[in-house]
Amino acid sequence: MANKRNELGLAKEGLKQKFLATAHILWGRDFADLTSHEVYATIVSVVKQYISENWVKTNKAYMKRRDKQIYYFSVEFLLGRLLRSNLVNLGEMELFHDALEELGIDLNQSFPEEPDAGLGNGGLGRLAACFIDSMASLGLPGHGCSIRYQYGLFEQKIIKGNQVEIPDNWLGNGFEWEYRKADKAVNVKFNGNAYMKEQEDGSLALVHEDYMTVMAVPYDVPIVGFRNNTVNTLRLWNAEVNRDFSDYGTMTREQLQAKKEYRNFVESITEYLYPDDSSYEGRRLRLIQEYFFVSAGVQSIVRHYLLAGMDLKEFAKKVAIHINDTHPAVAVAELMRLLVDEQGFEWDDAWKITRETMAYTNHTIMPEALEKWPIDMFRPLLPRIYMIIEEINRRHLEEVRKRRPNDEQMVRELSIIEDGQVHMARLAIVGSHSVNGVAAIHSDILKNDTLKFFHRYYPGKFNNKTNGITHRRWLISANPELTSLIDETIGDGWQKAPEQLSKLNDHVADKGFLQELDKIKRLRKIDLADYIHEHGGVRIDPDSIFDIQVKRIHSYKRQIMNILHIMYLYHELKTNKRFRIPPTTRFFGGKAAPGYYIAKETIRLINAVAEKVNSDKAVNEMLKVVFIENFGVSIGEIVYPAADISEQISTASKEASGTGNMKFMMNGALTLGTLDGANVEISQAVGRENCEIFGLRAEEVLNYYATGSYKAWDEFNTNPAVRLVVSQLVDGTYGDFHSLRDYLIQGNDEFFVLKDFSPYDRAHKNMNQKYENRKAWLTSSAINIANSGVFSSDRTIREYADDIWHVKPVIIA
Ligand code: 26Q
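Let me begin by describing the structure that accompanies this report. All of these numbers come straight from a predicted model, not from anything done at the bench.

Conventions adopted
- Residues numbered from 1 in each chain as written.
- Predicted model: local features only at pLDDT ≥ 70, side-chain atom pairs only at ≥ 80, totals over all residues.
- Heavy atoms only, no water.
- Disulfide = S-S within 2.5 Å.
- Near = heavy atom within 4 Å.
- Polar contact = N/O pair within 3.5 Å; in protein donor to acceptor, adjacent residues only side chain to side chain.
- Areas by Shrake-Rupley, 256 points an atom, 1.4 Å probe, with all protein chains shown as cover.
- Helix = DSSP H or I, 4+ residues; strand = E, 2+ residues; numbered from the N terminus.
- Salt bridge = Lys/Arg side-chain N within 4 Å of Asp/Glu carboxyl O.
- Buried < 20%, exposed > 50% of the residue type's maximum accessible area, 1.4 Å probe, protein only.
- Pairing = 2+ DSSP bridges.
- Contact = heavy atoms within 4.5 Å.
- Axes fitted to C-alpha atoms, helices over the stretch in contact; angles between N-to-C directions.
- Core = buried A, V, L, I, M, F, W, Y, C linked by side-chain atoms within 4.5 Å.
- Expected span 1.5 Å × (residues − 1).

1. A closer look at the state of the cysteines
The tally for this structure, following the rule as stated, stands at zero disulfides. Between C145, a cysteine without a disulfide, and C130, which holds the nearest cysteine sulfur, the sulfur-to-sulfur distance is 19 Å.

Printed below as a string of structure tokens:
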């Protein structure tokens, strides 16, 4: 012990010296004279000195040992801030905290100086970020590949109750974690003409001419494993003007004009993240972004592979490429292009390699989210890629006709090109050896419904990989007091092996443990209440029930049902003297896609109700409503640990998995939800007594859709509570919300808000009753934490590694 303390003391002195020296190098000033942002940047610089040695070591080990590498392609990586999670993973939080304290700096004050890297919309992007954290922490050689957007997801401001979008200039003060690798740039080609031309010897050769070249420059971000020396890489591609196109002197006016257009084109490619979530917009620039990062990524993999001196015939044994939703599906055709056009492979050999290399994850069954590109847009932009897709499809359909003679429906359903469009999901399925959904119910719906023709044709390809979240960010880093309590109760083995959280099951009736859990929950609720108040919001009673719904605003997620229910409670509190609820605060947070009218109206309604309820002294002790502005990863770190109730109320069958549900559960909230996505598995893990499940089941929903027998109007007429709140949308109680009333009534309530309204109310009543019994509630809360280990993304990634990628950990000494 004394020795250890001595070592730490020495380490601390050394670290302090590093801060002082680094301040001199970076700023030419004394550490004590730096601005808070400079202090932050200095800390990062010192952390990078800790990381860089292992980064080099990791890459050298991978190169030398030639282990199979995983490349996770995703158009989104919703990273959030990295300093705190890197310190957690390095195991140096305490040391840094103490050294800085002696230099007069509070480390916790430095964290918010970091820009929140919002390079994603929601669940899919955050999943990718959790996955690279888990790959590094499991010692797997797995890397991310994506786009370095100059502007991430917009910042949300609420002005007079409405969402206003502010550009997210996250690179404005620089991003300290990235390393520009100019020497690793590659060229990506767009436009031009591609065709086969007969050679003198009679053979055919490819010609691609008059194309435009964009330079793709990688920026690498180190991804630090949890106390294991592994440092992997997230590679973000930036579009830049090609060097060869910079000779002004000899240009004509037309050439100068062309050059200007070229420059604008290039600069637009990596400028913006598209702010649409779970819906598809057929915008040409989006397709350009997709091909840009995929081509750059696949080219750089092949180049690195050849540099390591390996044989391309072995490619699929050494490389796994994962396609996160269909957005990077064009990787299938790009790898074919590189193998056939540039490396001289025969088609059949290249095809075998490609299929064995690629795997695809589907994240949605919503038909409006399935990517399809009109040929008229696709072919001129990517002429050679289009030729390759045509050829893939021709051979694929030939095989379909052989294996399913006289089944033209099968041919139609499986065709990659249909009705003048390229179907990206079909390309991904045909070009991969594995197709997975993200929760058990979702994978079943894919097999039996959405993709049933593909499932019949390729039964062995389909599998499930239930999502997970990194317990390092969402528990260890976001809730240090809860982490300490768990450590004291069951030891700290769970930090490396989160399934060991189940040891807590032996303590869920332990009074001392529950009291501590109660205290910690209260601390987190105070943190959230303070955050809201400091950011211009109302004062909240930390002893009220914190009931929270945070996620993108979307009709299928049914924030409308939640707010209508609050309107109902408010009405009862005002008109019925005997009506009582325990003091409750209902929180909402989430962004709406800028062009999604109903979602924006929902935000406006939530804020209108909040304003009325919160300013009514008569109900204030009992009910408050809070809309949390600009919800994202960093605010989530404050929100999830503070919840008592986790609202997971999507229309059954519509939410592929959900991952917020897991973050809440791991921090001890009880789920109030439908049997949708991973809620199904959460309810199984904790037992029905420790969550509250309500509403239509997926089969019932799908059956209503099939028969068209649901009538929203009947619900309105027969359910007085429904009639009341829907009428209030237009009678001036909260302002004019005809939009939402028409959506529910004229639009026939596509997502069964009215049908599930009363079951939802009963679920709340049950929760309230449970909350009155402190002991029972805390026990349920503890059971949720104890059974959250399987929802660590470490479990998910281990399944991907074993079943899909066939990779093993690599120990970095
Ligand atoms: C596609 C084309 C053009 C523009 C935008 C898009 C686009 C962008 C983002 C389409 C979909 C998304 C995001 C989808 C998403 O986040 N899906 C969620 O994925 C999570 C992780 O698997 C699941 O937990 C959620 O249930 C699912 O909704």
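Having put the structure on the table, let's press on.
2. A few points about the site of the ligand
Among the 21 residues in the neighbourhood of the ligand, the closest are listed as L124, H363, N467, E655 and G658. Between the ligand and L124 there is a distance of 2.9 Å, counted from an oxygen atom to a backbone nitrogen or oxygen. Between the ligand and Y556 there is a distance of 3.2 Å, counted from an oxygen atom to a side-chain nitrogen or oxygen. Protein contacts shield 97% of the accessible area of the ligand, which totals 620 Å² for the unbound molecule. Top element by residues in the shell around the ligand is helix α6 (residues 123-137). It accounts for three residues.

3. Brief notes about the pattern of salt bridges
All chains considered together, the criterion is met by 46 salt bridges. The residue K352 makes a salt bridge to E356 at a minimum N-O spacing of 3.4 Å. You can see K352 and its partner E356 sitting in helix α11 (residues 347-357), four residues apart, about one turn around the helix. E356 sits in the partly exposed class, given a relative accessible area of 41%. Residues participating in the shared-partner salt-bridge network are D348, E391, R394, R395 and E398.

4. Brief notes about the sheet that holds strand β25 (residues 692-693)
Taken in spatial order, the six strands make up an open sheet running β22-β21-β20-β23-β24-β25, and their pairing is parallel. Each end of this open sheet is capped by a strand with a single partner; those strands are β22 (623-628) and β25. With four bridges connecting them, strand β23 (residues 645-648) and strand β24 (residues 670-673) associate as parallel partners. Looking across to β24, one finds that Q648 is bridged to G673. Each of β20 (545-550), β21 (584-589), β22 and β23 is contacted by helix α22 (residues 559-575), which is oriented at about 155° to β21, the strand it contacts most. Along the sheet, helix α31 (residues 757-772) makes contact with β20, β21, β23, β24 and β25, crossing β24 at roughly 160°.

5. So, the side chain of H442
Along the chain, H442 turns up in helix α16 (residues 440-450). H442 gets classed as buried once you look at its relative accessible area, which sits at 3%. Polar side-chain contacts of H442 include one of 3.2 Å to the backbone oxygen of N362. Once you skip the residues sitting within four places of it in the chain, H442 turns out to touch N362, H363, T364, I365, G437 and A656.

6. So, the nonpolar core
W177, F190, F292, F378, I392, L744 and W805 are the most contacted members of the largest nonpolar core, which has 271 residues in total. Examining the composition of this core, we find that 11 residues originate from one element, helix α8 (residues 284-307), more than from any other. Apart from the residues lying within four places of it in its own chain, the contact partners of L744 are I560, L564, A712, V726, L729, D749, V753 and L754.

7. So, helix α7 (residues 253-269)
Given 3.6 residues per turn, any residue in an α-helix points the same way as the ones three and four places further on. With 17 residues, α7 extends 25 Å from end C-alpha to end C-alpha; this agrees with the ideal 24 Å at 1.5 Å per step. Here α7 has its buried residues at K259, Y262, F265, V266, S268 and I269. For α7, the secondary structure elements touched by its buried residues are β8 (186-190), β11 (212-224), β12 (231-241) and α8.

8. Observations concerning the sheet that holds strand β17 (residues 421-423)
Strand order in this open sheet of three strands is β15-β17-β16, and the pairing throughout is antiparallel. Where the open sheet ends on each side, the last strands, each with one partner, are β15 (372-374) and β16 (417-418). As judged from the two bridges shared by β16 and β17, these two strands associate in the antiparallel manner. Within β17, the residue paired with I417 across the bridge is V422.

Fair warning: the whole summary comes from geometry, so function is off the table for now.
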